[in-house]
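Okay, here's what each chain looks like letter by letter:
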Amino acid sequence: MTFPTNQQFFIAPDVGISRTFMHNRAYVDNSGDSIAKRDMHLDQVAANSKFGYVINSNVIPYVSTGYSRTLHYSDHLKSRNSFRAGAGAILFGGLLNIDWTASKANQSVRANTLSVNLAVKF
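Here the structure is a predicted model, which is why all the values come from computation and not from measurement. Starting afresh in each chain, residues are numbered from 1 along the sequence in its written order. Per-residue local features of the predicted model are confined to residues with pLDDT of at least 70, and side-chain atom pairs are confined, for both listing and counting, to 80 or more; whole-chain, interface and lining totals are unaffected and use all residues. To get the side-chain values, take all heavy atoms of the structure and skip hydrogens and water.

*Asks:* Which parts of the structure should I look at to understand the packing of aromatic side chains?
*Replies:* Two aromatic rings are characterised by how far apart their centres lie and by the angle between their planes. A pair of aromatic rings is counted whenever rings of Phe, Tyr or Trp (Trp by its six-membered ring) have centres within 6.5 Å, and the orientation is called stacked for planes under 30 degrees apart, edge-to-face for over 60 and tilted otherwise. Considering all chains together, one arrives at 2 aromatic pairs under this definition. For the ring pair Tyr 67 and Phe 83, a centre distance of 5.2 Å and an interplane angle of 45 degrees mean the geometry is tilted. With Tyr 67 in strand S6 (residues 59-73) and Phe 83 in strand S7 (residues 81-91), this pair connects stretches of sequence that are 16 residues apart. Burial classification: accessible surface area is computed with a 1.4 Å probe over protein chains only, and a residue below 20% of its type maximum counts as buried, one above 50% as exposed, and the rest as partly exposed. Since its relative accessible area comes to 31%, Tyr 67 is described here as partly exposed. If you follow Lys 50 out to its NZ or CZ, it ends over the ring of Tyr 62, 4.6 Å from the centre. A helix here means a DSSP run of H or I that spans at least four residues, while a strand means a run of E at least two residues long, and both kinds are numbered starting from the N terminus. Here, over-ring charges are defined by two tests on the NZ atom of lysine or the CZ atom of arginine: distance to the ring centre within 6 Å, and angle to the ring normal within 35 degrees.

*Asks:* What am I meant to see in the sheet that holds strand S8 (residues 96-105) here?
*Replies:* Think of a sheet as strands paired side by side through backbone hydrogen bonds, with each pair either parallel or antiparallel. Strand order in this open sheet of 7 strands is S1-S2-S5-S6-S7-S8-S9, and the pairing throughout is antiparallel. Lying at the two open borders of the sheet, with one neighbouring strand each, are strand S1 (3-4) and strand S9 (109-118). At least two DSSP bridges between two strands are required for those strands to pair.

*Asks:* Please clarify how unusual backbone geometry should be interpreted in this entry.
*Replies:* As a rule of thumb, non-glycine residues mostly have phi less than zero, and peptide bonds are mostly trans rather than cis. In this structure, Phe 92 takes a positive phi of about 55 degrees despite not being glycine. With respect to the helices and strands, the residue Phe 92 is situated in the loop between S7 and S8.

*Asks:* Looking at this model, I keep getting lost on the environment of Val 15. Mind explaining?
*Replies:* Along the chain, Val 15 falls in strand S2 (residues 9-24). Along the backbone, Val 15 and Asn 48 are 33 residues apart, and their C-alpha atoms lie at a distance of 6.4 Å.

*Asks:* Would you take a moment to explain the layout of surface pockets for this structure?
*Replies:* Picture a little ball the size of a water molecule; that probe, rolled over the atoms, points out where space is still empty. Volume-wise, the largest pocket comes out at about 250 Å³. Only protein atoms enter the 1 Å grid used here, on which a cavity is any set of points holding a 1.4 Å probe that cannot leave and a pocket is any open set flanked by protein within 12 Å on both sides along at least five of seven lines; residues with an atom within 4 Å of a point are listed as lining. Taken together, 15 residues line the largest pocket, and the ones lying closest to its centre are Asn 48, Ser 64, Arg 84, Asp 99 and Thr 101. Those elements that place two or more of their residues in the lining of the largest pocket are strand S5 (38-53), S6, S7 and S8. The leading source of residues in the lining of the largest pocket is S6, at 4 residues. Within the lining of the largest pocket, the residues separate by chemical class into 2 nonpolar, 9 polar and 4 charged. Grid points are joined across faces, edges and corners, and a volume is the space filled by probe spheres set on the points. Amino acids are sorted into nonpolar (Ala, Val, Leu, Ile, Met, Phe, Trp, Tyr, Cys and Pro), charged (Asp, Glu, Lys and Arg) and polar (every other residue, Gly among them).

*Asks:* Just to check I follow, could you spell out the environment of Ala 87 for this structure?
*Replies:* Relative to the helices and strands, Ala 87 is located in strand S7. The class for Ala 87 is partly exposed, based on a relative accessible area of 34%. Put simply, Ala 87 and Ser 57 are 30 residues apart on the chain and 18 Å apart in space, counted from C-alpha to C-alpha. Setting aside residues up to four positions removed in sequence, Ala 87 forms contacts with Tyr 62, Val 63, Ser 64, Ile 98, Asp 99 and Trp 100. Every residue pair with non-hydrogen atoms within 4.5 Å of one another is taken to be in contact.

*Asks:* What's the story with the pattern of salt bridges in this structure? I'm lost.
*Replies:* Pairing between side chains of opposite charge can happen when the charged atoms of each approach one another. Basic side-chain nitrogens of Lys or Arg form a salt bridge, by our definition, when they fall within 4 Å of a carboxyl oxygen of Asp or Glu. For the structure on display, the rule yields 1 salt bridge. For the salt bridge of Asp 43 with Arg 19, the shortest nitrogen-to-oxygen distance reads 2.6 Å. Here the residue Asp 43 occupies a position in strand S5, and Arg 19 occupies one in strand S2, the gap between them amounting to 24 residues. Given a relative accessible area of 48%, Arg 19 falls into the partly exposed group.

*Asks:* Would you mind showing me how to read the pairing of S9 here?
*Replies:* On any regular strand, side chains alternate: one points to one face of the sheet, the next to the other face. Across the 10 residues of S9, 0 count as buried, placing the element largely on the outside. Where S8 and S9 come together, 10 bridges link them in antiparallel fashion. Opposite Ala 102, over in S9, you have Asn 112 as the bridge partner.

Function cannot be read off these values alone, since they describe shape.
Structure below.
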């Protein structure tokens with residue numbers, strides 16, 4: 001959902017629940033240990049929000065924040081929390097989106113993601 005706070009600012013919160021199924025094939029790791037095949041699933045709940053400023057209909061920059069909580073994972077986790085922050089722009093009325101996100105997942109993994117999406121509208 002998008003909530004315009006005035007003609008130029010908007011807030012777009014979203015809440016989601018996801019389940020991811022993973023299938024790992026058997027392999028030998030770097031230390032020479034044989035790892036058996038495993039089927040795992042990951043259940044998460046997430047809350048995200050974008051805060052944007054409408055310059056005009058062709059350029060809408062925004063910042064984003066997010067939090068997710070792992071509800072169930074069939075392997076060991078250091079933490080069940082993940083935090084995100086990012087910035088991006090919606091260009092040409094949504095035909096081109098650029099988004100950069102930095103995240104710290106489960107107190108162990110840090111990731112930077114840059115995505116560029118090109119859409120065709122009919």
